[in-house]
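Each chain, letter by letter, is given below.
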Amino acid sequence: ETKVNVVGAGLAGSEAAWQIAKANIPVRLFEMRPVKNTPAHHTDKFAELVCSNSLRSNALSNAVGVLKEEMRKLDSVIIQSADDCAVPAGGALAVDRHEFANLVTERVKNHPLVEVIAEEVTEIPEGPTVIASGPLTSEALSKQLKELTGEEYLYFYDAAAPIIEVESIDREKVYLKSRYDKGDAAYLNCPMNEEEFDRFYEALISAETVPLKEFEKEIFFEGCMPIEVLAKRGKKTLLFGPMKPVGLEDPKTGKRPYAVVQLRQDNQSGTLYNIVGFQTHLKWGPQKEVLQLIPGLEQAEIVRYGVMHRNTFINSPKFLLPTYQYKGREDLFFAGQITGVEGYVESAASGLLAGMNAVRYVTGREQIVLPPETILGSMANYITTANEKNFQPMNANFGLLPPIEPRIKNKKERYEQLATRALDTIQNFSKRL
Ligand code: FAD
């Protein structure tokens, strides 16, 4: 009898194990806690929430709310358990974290087809396997993964710049151009005069940051400085660094601006742009205020804030298929934060899909690729088609979905229609499963 190995009983691994077991396939679920702990977990329970007790928005006007609804339709144990122990949190789905972890642990552990093995996995298992060992994957397993992917394709932190929905950029103020007009005009440039720069600079150096953690020394050491740290070295560091204007004369005036912020296309369909060189440690509220001082970004819809985290993840665009399958080994799947999805719900969602596909693999059925109109499908699509060269983790957001044509200007209306389309699509799809 074929069993599927699942490594890690976190958000993704618990969901994957559940999906596999409920399809009548036996699971061997490996979890190293409490034998070996991670730097962030405190208990031996499955699906422990290491930080916030909120699974973010529950509303259909928000992509992560739509994602939850898609997961409900596919019988997610994580969302079901969260719904069962929700605490009042306005439009968000927040939970009693102990009750939540207890529920997930009981449900998964008590499934007759789940065998729990409390040990650290130190080698990638043979046979059908889902690796869901998370952002704090143990050292021994990280070493194995490094061997699998090659050293340069396994990362230990994100140093991510903010990502913006293209529809929210004021196209009157920005212009398309590459530095010195080399190659195709690829960047959107936000020009600043001296006064605008000074205002931005003052806001940037005085904005509140997240306190530094030990691992950040290692990031700085690798030359990946947060923009606010660079800024504190003086205005020139920015003007000769990430905000350098040379070769970026404004085509409308022919003049060189005092400073320029460059935006680079982030996904294949061009609905998202990242801010070049703006990895940052600013808190999200102040981060938004500072970014909205950039000409053209006054109304910017930030779909992913800049962060600097400890995080283990692989270069998914290089290694994974949108089925969460490893390209070099068809019985090996990855799920959770290690694939470059970001967040509790996103991690569980990838576990759901990886679990379903592991089942299909062992039962000899075709792999599922969910349509990109769904949030589930759009996440899988993003992590497997993003630019390999500067791949960084991603949250669920509406900017990942193919736009509705003709374009809907009103944001609320646009999101409503995207949500309806996503849920209709998943409904039709699940009927065919
Ligand atoms: P995890 O939930 O971490 O599960 C991985 C499991 O694998 C763990 O139980 C671990 O013990 C086990 N494991 C690791 N190595 C091995 C091994 N070799 N053998 C056996 N078992 C192993 N996201 C949010 O949405 N909100 C937040 O507030 C938030 N805060 C975060 C704070 C920190 C410090 C970190 C690191 C991440 C945070 N995240 C947050 C991001 C992410 O959503 C969570 O980390 C989430 O738990 C990821 O789910 P996962 O299933 O990929 O990993």
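Residues numbered from 1 in each chain as written. Predicted model: local features only at pLDDT ≥ 70, side-chain atom pairs only at ≥ 80, totals over all residues. Heavy atoms only, no water.

**Topic: the confidence of the model for the protein**
Basically, it comes down to this: Per-residue confidence from the predictor is reported as pLDDT, a score between 0 and 100.
Counting all residues, the mean pLDDT for the protein is 95, and 98% of those residues have values of 70 or more. Across the interfaces of the predicted complex, the ipTM metric reaches 0.99, alongside a pTM of 0.92.

**As for the packing of helix α3 (residues 77-84) against helix α4 (residues 97-109)**
To keep it simple, the criterion reads: A fitted line through C-alpha atoms represents every axis, and for helices the fit uses only the stretch in contact; the resulting angles, taken between N-to-C directions, go from 0 to 180 degrees. Secondary structure is summarised from DSSP: a helix means a run of H or I of at least four residues, a strand means a run of E of at least two, and numbering begins at the N terminus for each. Our angle categories are set so that under 35 degrees counts as roughly parallel, over 145 as roughly antiparallel, 65 to 115 as roughly perpendicular, and the remainder as oblique. Less than a right angle of anticlockwise turn of the near helix away from the far helix marks a crossing as left-handed, whereas a clockwise turn marks it as right-handed. Any two residues whose heavy atoms approach within 4.5 Å are treated as being in contact. Here the term charged refers only to Asp, Glu, Lys and Arg, the term nonpolar to Ala, Val, Leu, Ile, Met, Phe, Trp, Tyr, Cys and Pro, and the term polar to all other amino acids, Gly among them.
For the pair α3 and α4, interaxial distance at closest approach is 9 Å and the crossing angle is 135°. As the angle between them shows, α3 and α4 are arranged oblique. Taken as a pair, α3 and α4 cross one another with a handedness that is right-handed. Mapping the contact onto sequence places Val77, Ile78, Gln80, Ser81, Ala82 and Asp84 in α3 and Phe100, Leu103, Val104, Arg107 and Val108 in α4. Classifying every residue of the contact of α3 with α4 gives seven nonpolar, two polar and two charged.

**So, the pairing of strand β11 (residues 187-192)**
The criterion, for reference: Burial status follows relative accessibility: with a 1.4 Å probe on protein chains alone, a residue under 20% of its type maximum counts as buried, one over 50% as exposed, and anything between as partly exposed. The rule for pairing is simple: two strands pair if DSSP sees at least two bridges between them.
Within β11, five of the six residues are buried, which leaves it mostly tucked inside the rest of the structure. In the sheet, strand β10 (residues 175-177) pairs with β11 via three bridges, with the strands oriented antiparallel. Across the sheet, Lys177 pairs through a bridge with Tyr187, a residue of β11. Relative to strand β12 (residues 259-265), β11 runs antiparallel, the two sharing six bridges. Each residue of the ladder has a partner; that of Tyr187, found in β12, is Arg264.

**Notes on the site of the ligand**
This is how the line gets drawn: Residues are counted as near a molecule or strand when any one of their heavy atoms sits within 4 Å of it. Here a polar contact means two N or O atoms within 3.5 Å. Within protein one must be a hydrogen donor candidate and the other an acceptor candidate, and residues neighboring in sequence count only if both atoms are side-chain atoms. We get accessible surface area from the Shrake-Rupley algorithm with a probe of 1.4 Å; when it comes to residues, only the shown protein chains can shield them.
The environment of the ligand is made up of 29 residues, and the closest members are Ala12, Glu31, Arg33, Gln337 and Gly343. Taking Arg33, its side chain carries an N or O atom lying 2.8 Å from an oxygen atom of the ligand. Within the side chain of Ser138, an N or O atom sits 2.9 Å from a nitrogen atom of the ligand. Burial of the ligand by the protein chains amounts to 89% of its free accessible area of 970 Å². The set of elements that each furnish at least two residues to the shell around the ligand consists of α1 (11-22) and α12 (344-362). Along the lines of polarity and charge, the residues of the shell around the ligand split into eleven nonpolar, 13 polar and five charged.

**Concerning the pattern of salt bridges**
Here is the rule we go by: A side-chain nitrogen of Lys or Arg and a carboxyl oxygen of Asp or Glu constitute a salt bridge if their distance falls within 4 Å.
Tallying each qualifying case throughout the model produces 21 salt bridges. With a closest N to O distance of 3.4 Å, Lys22 and Asp75 form a salt bridge. Taken as a pair, Lys22 in helix α1 and Asp75 in the loop between α2 (63-73) and α3 lie far apart in primary sequence, 53 residues in all. With relative accessibility at 35%, the residue Asp75 sits in the partly exposed group. With its nearest N and O atoms 3.4 Å apart, the salt bridge here joins Lys36 to Glu120.

**Topic: the sheet that holds β11**
Spatial strand order, β10-β11-β12-β13-β9-β14: six strands in an open sheet with antiparallel pairing. Of all the strands in the sheet, just β10 and β14 (302-304) have a single pairing partner and so form its edges. Taken pair by pair, the neighbouring strands of this sheet meet at an average axis angle of 40°, ignoring direction. Against the sheet, helix α6 (residues 194-206) contacts β11 and β12, and its axis sits at roughly 95° relative to β11.

**Overview of the side chain of Asn267**
Tracing the backbone shows Asn267 in the loop between β12 and β13 (272-275). Classification of Asn267 by relative accessible area gives buried; the value is 9%. At a separation of 2.8 Å, a polar atom in the side chain of Asn267 contacts the side chain of Thr271. Among the polar contacts made by the side chain of Asn267, one reaches the main-chain amide nitrogen of Leu272 at a distance of 3.1 Å.

**Examining unusual backbone geometry**
The omega torsion of the bond from Arg33 to Pro34 falls at 5°, within 30 degrees of zero and hence cis. Note the cis peptide between Glu405 and Pro406, where omega equals -10°. Assignment of secondary structure puts Pro406 in the loop between α13 (375-385) and α14 (411-432). If you check the backbone angles, Asn24 has positive phi at about 70° while not being a glycine. Locating Asn24 in the fold gives a position in the loop between α1 and β2 (27-30). Notably, Asp181 is not glycine yet its phi reads approximately 55°, a positive angle. For Asp181, a relative accessible area of 52% corresponds to the exposed category.

**Considering α14**
In plain terms, the rule: Expected span of a helix, by definition, is 1.5 Å for each gap between consecutive residues, and there is one gap fewer than residues. This arc corresponds to the set of directions leading from the helix axis out to the C-beta atoms.
If you check α14, its first and last C-alpha atoms are 32 Å apart, about what 22 residues at 1.5 Å a residue would give, namely 32 Å. Along α14, the residues classified as buried are Arg414, Tyr415, Leu418, Ala419, Ala422, Leu423, Thr425, Ile426 and Phe429. Projected onto a plane normal to the axis of α14, the buried residues spread over an arc of 160° and lie on a single side. α14 presents Lys412 and Lys431 as exposed residues on the side facing more than 90 degrees away from its buried surface. Structurally, α14 contributes buried residues whose contacts are with α2, β9 (163-165) and α13.

**So, the environment of Glu249**
Considering the arrangement of structural elements, one finds Glu249 in the loop between α9 (235-239) and β12. C-alpha of Glu249 to C-alpha of Tyr175: the two residues are 74 residues apart in sequence and 9.7 Å apart in space. Setting aside chain neighbours within four positions, we find Glu249 in contact with Tyr175, Lys177, Gly254, Lys255, Arg256 and Pro257. Among the polar contacts listed, one links the side chain of Glu249 to the side chain of Arg256, at a separation of 3.4 Å.

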